[in-house]
Amino acid sequence: MQRRHLIQAAAALPLAALVQRTSWAQGGAELYAGEKELYELAKKEGFCVSFDTGPEWANWKALFAEFKKRYPDVELSYNDLGSAATVVALEKMRRRPQADTAYYFAASAVDAAKKDVVAPFKPIHFDKLPEVFREAEGRWFTIHTLNIAFLVNKKLVKNVPTGWADLLKPEYKNSVTYLDPRSAGVGQVLTLAAAYGNGGSVDNVKPGTDYLGKLHAAGNVQRVEGTTPYAKFIKGEIPIWIGYENDGLKAKHSDGMGDACEVVIPKEASVAAPYAISLVKGGPNPNAGKLWLNFIMSEAGQQLFAKGFVRPAVPGVKLPDDVASKLPAAAQIRPLDVIKASAKKAEIDQLWAQATLGRS
């Protein structure tokens, strides 16, 4: 999976909310049954090592802060390795694990489970997740998603496209940029989103590659990038970027584009790419790890992800009005089955090259 780029942490929660969430230690309500008992066990360990949760990505910084306020006797330590590198690290330390939890794009989570370096654990709200967003025994489960969207610079585009069919119109000639599916994970995901938007699915990817071929044939593709073009988009060099929704929201609300940036979930269909987490097998602080995972999956934790411009994985989480307005409901977003998607990579690579480059 392509290495993620930074998302600025969102504003801290109102003081009243913080007081409510920390007051349970003085007799307030638990976030879930058994929370206090688990905290007492975690206090004896006193530490939790969280792999690949860089603080500026997906609002982890705010989750760290809220966890510490709620559980002051458990210290959190983290690193920022990247998804594939996290699995490699877990393998290398298999005999003496140094991590308690591991976070990654869900395809890497599947890999970690196959390599038997993660342990079964079903946190709160586990059963609410779509089946394709969790391993049956809890060796990994999705905590947030990134969704394919059209990121539109309205200074360069007169009419904002609303769906895949729109992008084929002559008015979008030399306007569309996207990432190469052969080298970038988001390129694979957007190809699958295009498949769903054109009558296909993760089981039938050809409608997606055919669509991209039509986009090229129409002359509407500005360029295909090998690495993230976020900086180019911010600078006003890209009219329409097919990418992840959170990049557009970051550009709009954090990096100065404001109303010049429109973020559109294509009306026909889009895809939600799952990001998952696991309890590490044989980790040094299992109870602290479970406490951390439960907090991440709690309504409090899920709301904090939303404030960082990524969509919560747990259905039905109530978001504050100012956050909900930035992440409106989109029933056309399909949860991506990463096991099936991973198996389709070679086919997508080949079909995309045939459709867009004329290569067999």
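Coordinates for the structure precede this section.
A short tour of the structure in this document, coming up. Keep in mind that this is a model prediction, so the values were computed, not measured. (Residues numbered from 1 in each chain as written. Predicted model: local features only at pLDDT ≥ 70, side-chain atom pairs only at ≥ 80, totals over all residues. Heavy atoms only, no water.)

**Things to note about the nonpolar core**
Counting residues in each nonpolar core, the largest one holds 118 residues, and the members touching the most others are Trp60, Ile143, Ile148, Ile242, Leu291, Trp292 and Ile296. Among all residues touching Trp292, those that are not within four sequence positions of it are Cys48, Ser50, Trp60, Leu63, Phe64, Phe67, Leu76 and Thr101. (Core = buried A, V, L, I, M, F, W, Y, C linked by side-chain atoms within 4.5 Å. Buried < 20%, exposed > 50% of the residue type's maximum accessible area, 1.4 Å probe, protein only. Contact = heavy atoms within 4.5 Å.)

**With respect to the environment of Asp111**
Within the fold, Asp111 resides in helix H5 (residues 106–114). Given a relative accessible area of 27%, Asp111 falls into the partly exposed group. In this structure, the C-alpha to C-alpha distance between Asp111 and Val88, residues 23 residues apart in sequence, is 10.0 Å. (Helix = DSSP H or I, 4+ residues; strand = E, 2+ residues; numbered from the N terminus.)

**Some details on the packing of helix H3 (residues 60–70) against helix H11 (residues 299–307)**
At a minimum axis distance of 8 Å, the contact between H3 and H11 shows a crossing angle of 150°. Comparing their axes, H11 and H3 come out roughly antiparallel. The crossing of H3 and H11 is right-handed. Contact residues: H3 offers Trp60, Ala62, Leu63 and Glu66, while H11 offers Gly301, Leu304 and Phe305. (Axes fitted to C-alpha atoms, helices over the stretch in contact; angles between N-to-C directions. Parallel < 35°, antiparallel > 145°, perpendicular 65-115°, else oblique. Left-handed = near helix turned anticlockwise from the far one by under 90°.)

**Some words on the environment of Gln354**
Locating Gln354 in the fold gives a position in helix H14 (residues 345–357). Along the primary structure Gln354 and Thr209 are separated by 145 residues, whereas in three dimensions their C-alpha atoms are 8.6 Å apart.

**Thoughts on helix H6 (residues 185–197)**
One full turn of an α-helix is made of 3.6 residues, so residues set three or four places apart face in the same direction. With 13 residues, H6 should reach 18 Å at 1.5 Å per residue; the first-to-last C-alpha distance of 18 Å fits that figure. Of all 13 residues that make up H6, 13 are buried, and the element is covered over most of its length. Within two residues after H6, Gly199 carries a phi angle of roughly 90°, on the positive side. (Expected span 1.5 Å × (residues − 1).)

**Comments concerning the pairing of strand S2 (residues 75–78)**
Pairing analysis gives four bridges linking strand S1 (residues 47–51) to S2, with the strands arranged parallel. Note on S2: the bridge partner recorded for Ser50 is Tyr78. Note that the unit made of S1, H3 and S2 has a crossover that is right-handed. (Pairing = 2+ DSSP bridges. Right-handed = clockwise from strand over helix to strand, strands pointing away.)

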